[in-house]
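Commentary on secondary and tertiary structure
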Amino acid sequence: MWWLLKTLIAFLLMIFFVVFLVQNNEIVPLWPLTNMDWFPVEKVGTSVVYFVLFCLGYFAGRFSAWSAYAPIRTMLRKQKKENKALSKEHEKLNHEHEKLNQQYTTLQEENEKAEKAHRFSLNKKIKGWFSKPSVEE
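Criteria and cut-off values
- The residue count restarts for each chain, going from 1 along the sequence in the order it is written.
- Owing to the predicted nature of the model, reporting of local features is limited to residues with pLDDT of at least 70; listing and counting of side-chain atom pairs is limited to 80 or more, with chain, interface and lining totals taken over all residues.
- As a rule here, side-chain values cover all heavy atoms of the structure and leave hydrogens and water aside.
- Note on aromatic contacts: the rings of Phe and Tyr and the six-membered ring of Trp form a pair at centre separations within 6.5 Å, being stacked when their planes are under 30 degrees apart, edge-to-face when over 60 apart, and tilted otherwise.
- The helix count covers DSSP runs of H or I at least four residues long, the strand count covers runs of E at least two residues long, and both are numbered beginning at the N terminus.
- Here's how the labels work: a residue is buried when its accessible area is under 20% of the maximum for its type, exposed when over 50%, partly exposed in between, all with a 1.4 Å probe on protein chains only.
- We call two residues in contact whenever any of their non-hydrogen atoms come within 4.5 Å of each other.
- Geometry is summarised by axes, namely lines fitted to C-alpha atoms with helices restricted to the contacting stretch, and by angles between N-to-C directions that run from 0 to 180 degrees.
- In what follows, roughly perpendicular refers to angles from 65 to 115 degrees, roughly parallel to angles under 35, roughly antiparallel to angles over 145, and oblique to any angle outside these ranges.
- Any residue that is not Ala, Val, Leu, Ile, Met, Phe, Trp, Tyr, Cys, Pro, Asp, Glu, Lys or Arg is counted as polar, Gly included; the first ten are nonpolar and the last four charged.

**Remarks on the packing of aromatic side chains**
With the rule as written, the count across this model stands at 4 aromatic pairs. When the centroid spacing of 6.0 Å and the interplanar angle of 35° are considered together, the rings of Phe63 and Trp66 count as tilted. Remark: Trp66 and Phe63 occur in helix α2 (residues 46-68); sequence separation between them is 3 residues, near one turn of the helix. Both residues of the pair, Phe63 and Trp66, count as exposed.

Structure representation (C-alpha cells):
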C-alpha cells in the first residue's frame, strides 16, 4: 500500500517537473563555462540545466542512501551467516533427537516385554509348587 502512495506522489512530482521544464525553456549562457575554449556549448536551455541538476541530485541522493545503509547491510549479512550456522546446528540436533527418541521407544518396548515375562502370576506359582523338582536341584 505504501509503495502505491510513494509511486503516485513521485509520478505527480515528475509531471509537475516536466511541465515546469516545458514552460521555462529559455536560452541562457553557462556562466562558469563561457570562457572555456574546451567546452563546446556556451548557451543552453534552462530545461536542460534543470534536468541535468535534477539527475545529479537524484544520483547524489541514491549514493547517499546507499552509503547510509552500508552498516545495516553488513549487519544483515552477519545475521544471515549466523542464521545459517544455527540452522545447521538445529538440523543436527533434530537428527540426534530423532535417534534418541527411537532408542527410547526401543528401550521402552524391551522394558514392557521384560515386565510381561517377570510378572507375578498365581497360576505359575501354583504350578511351580506342584511340579517335579528337576534333577539338577
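**Some remarks on the side chain of Thr46**
Structurally, Thr46 can be placed in helix α2. Contact partners of Thr46, with chain neighbours within four places excluded, come to Asn24, Asn25, Glu26 and Val28.

**Some thoughts on the packing of helix α1 (residues 2-23) against α2**
Interhelical geometry of α1 versus α2 gives an angle of 150° and a closest axis separation of 9 Å. In terms of orientation, α1 and α2 fall into the roughly antiparallel class. Contact residues: α1 offers Met14, Phe17, Phe20 and Leu21, while α2 offers Ser47, Tyr50, Phe51 and Phe54. When its residues are assigned to classes, the contact of α1 with α2 shows 7 nonpolar, 1 polar and no charged.

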